[in-house]
Amino acid sequence: MKAGLDMVQHWVTKHPGPLSLAIRGFAMRFYESVFIARQDITTGQVEALCDEFAGIVTEGGGKILKKEYWGLKSLSYRIKKNRKGHYVMFNIEADAATMDEYDRKLGLNEDVIRVLTVRIDEVDEEPSIMMQAKSERGPRDDRAPRDDDEETKSDAVANEEEE
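Small disclaimer: the values here were computed from a predicted structure and weren't measured.

S.K.: Would you take a moment to explain the overall build of the protein chain for this structure?
M.R.: Counting its regular elements, the protein chain contains five helices and four strands. If you list the helices and strands of the protein chain from N to C, you get α-α-β-α-β-β-α-β-α. Counting the 163 residues in the protein chain, one finds 29% classified as buried. Counted over contacts in the protein chain with a minimum sequence separation of 6, partners at least 24 positions apart contribute 71%. As presented, the protein chain carries roughly 11700 Å² of accessible surface, and 51% of it is formed by carbon and sulfur atoms.

S.K.: What is the right way to read the sheet that holds strand 3 (residues 82-94) from this model?
M.R.: Pairing between sheet strands relies on hydrogen bonds along the backbone, with the strands arranged either parallel or antiparallel. One open sheet accounts for four strands, arranged 2-3-1-4; its pairing is antiparallel. Lying at the two open borders of the sheet, with one neighbouring strand each, are strand 2 (63-79) and strand 4 (112-120). The average angle at which neighbouring strand axes cross in this sheet is 20 degrees, direction not considered. Pairing geometry for strand 1 (residues 29-38) and strand 3, over ten bridges, is antiparallel. Paired with Phe35 across the two strands is Val88, which belongs to strand 3.

S.K.: Is there a simple way to think about the packing of helix 3 (residues 43-59) against helix 4 (residues 96-108) in this case?
M.R.: It is at 9 Å that the axes of helix 3 and helix 4 come closest, and there the two elements cross at 155 degrees. Taken together, helix 3 and helix 4 sit at an angle that is classed as roughly antiparallel. Note that helix 3 runs across helix 4; the crossing there is right-handed. Of helix 4, the residues touching helix 3 (which contributes Phe53, Ile56 and Val57) are Thr98, Glu101, Tyr102, Lys105 and Leu106. Looking at side-chain class alone, the contact of helix 3 with helix 4 contains five nonpolar, one polar and two charged residues.

S.K.: Explanation requested: helix 3 in the structure shown.
M.R.: Because each turn of an α-helix spans 3.6 residues, side chains separated by three or four positions end up pointing in the same direction. The end-to-end C-alpha separation of helix 3 is 24 Å, in line with the 24 Å expected for 17 residues at 1.5 Å each. Listing the buried residues of helix 3 in full gives Val46, Leu49, Cys50, Phe53, Ala54, Gly55, Ile56 and Val57. Among the residues trailing helix 3, Gly61 stands out with phi positive, at a value near 95 degrees.

S.K.: For this particular structure, what's the right way to read the pairing of strand 1?
M.R.: The side chains of a regular strand alternate between the sheet's two faces. When strand 1 meets strand 4, the two strands line up antiparallel, connected through eight bridges. From the neighbouring strand, Glu32 faces strand 4, where its bridge partner is Val118.

S.K.: Explain the nonpolar core here, please?
M.R.: Soluble globular proteins tend to bury their nonpolar side chains together. Phe35, Phe53, Phe90, Ile92 and Tyr102 are the most contacted members of the largest nonpolar core, which has 18 residues in total. Among all residues touching Phe35, those that are not within four sequence positions of it are Cys50, Phe53, His86, Tyr87, Val88, Phe90, Tyr102, Leu106, Val112, Arg114 and Val115. One finds Trp70, Leu75, Ile79 and Ile113 within the second-largest nonpolar core, a separate group that totals eight residues.

S.K.: Could you clarify how one ought to interpret a negative patch on the surface in this entry?
M.R.: A grouping of Asp121, Glu122, Asp124, Glu125 and Glu126 is seen on the molecular surface, where their side chains present a negatively charged patch. Locating Glu122 in the fold gives a position in the loop between strand 4 and helix 5 (150-162). For Glu122, a relative accessible area of 62% gives the class exposed.

S.K.: Whenever I open this one, the side chain of Lys66 confuses me. Can you help?
M.R.: Mapped onto the fold, Lys66 is located in strand 2. Within polar-contact distance, the side chain of Lys66 engages the backbone oxygen of Asp124 at 2.8 Å. Among residues more than four places away in sequence, those in contact with Lys66 are Met89, Phe90, Asn91, Asp124, Glu125, Glu126, Pro127 and Ser128.

Each value, and the rule that gives it
Residues numbered from 1 in each chain as written. Predicted model: local features only at pLDDT ≥ 70, side-chain atom pairs only at ≥ 80, totals over all residues. Heavy atoms only, no water. Helix = DSSP H or I, 4+ residues; strand = E, 2+ residues; numbered from the N terminus. Buried < 20%, exposed > 50% of the residue type's maximum accessible area, 1.4 Å probe, protein only. Contact = heavy atoms within 4.5 Å. Areas by Shrake-Rupley, 256 points an atom, 1.4 Å probe, with all protein chains shown as cover. Pairing = 2+ DSSP bridges. Axes fitted to C-alpha atoms, helices over the stretch in contact; angles between N-to-C directions. Parallel < 35°, antiparallel > 145°, perpendicular 65-115°, else oblique. Left-handed = near helix turned anticlockwise from the far one by under 90°. Nonpolar A, V, L, I, M, F, W, Y, C, P; charged D, E, K, R; others polar. Expected span 1.5 Å × (residues − 1). Core = buried A, V, L, I, M, F, W, Y, C linked by side-chain atoms within 4.5 Å. Patch = residues over 30% accessible without salt bridge, like charges linked within 9 Å, V, L, I, M, F, W, Y side chains within 5 Å. Salt bridge = Lys/Arg side-chain N within 4 Å of Asp/Glu carboxyl O. Lys, Arg positive; Asp, Glu negative; His and termini not counted. Charge placed at Lys NZ, Arg CZ, Asp CG, Glu CD. Polar contact = N/O pair within 3.5 Å; in protein donor to acceptor, adjacent residues only side chain to side chain.

In structure tokens form, the structure reads like this:
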């Protein structure tokens, strides 16, 4: 039996790729997961939910690298008769099987109304944009000028005079 294990280990080291990672069992990847909890539960209950879901990840061999509670925020539209929700974000390092179990438990929980989990290349150590104060975010140079902006109006008038 030991010879069979040695052959598998030899094959895994000589053939890198997804199959060998699956055989090794430690294809740890980074994920960002945001979930929204119902508005009628307390902040303490949200913390208990976070601890429950963090426990699922740690039991599966993963790590919670960052946890942010964004607070009770208004939803853009009603979801399951809720107008507000508690937003929580996790940055997770785990394998695919652990994340499948994590997503399954999130989907079964009645207090969670929406979940989005995406795979990311690396974890940003700084606080997310939701946690930064508006003054810390920096300028928004990527925005187009507005129609009611004075500079835009004077440019439009100058362009009409040239024509």
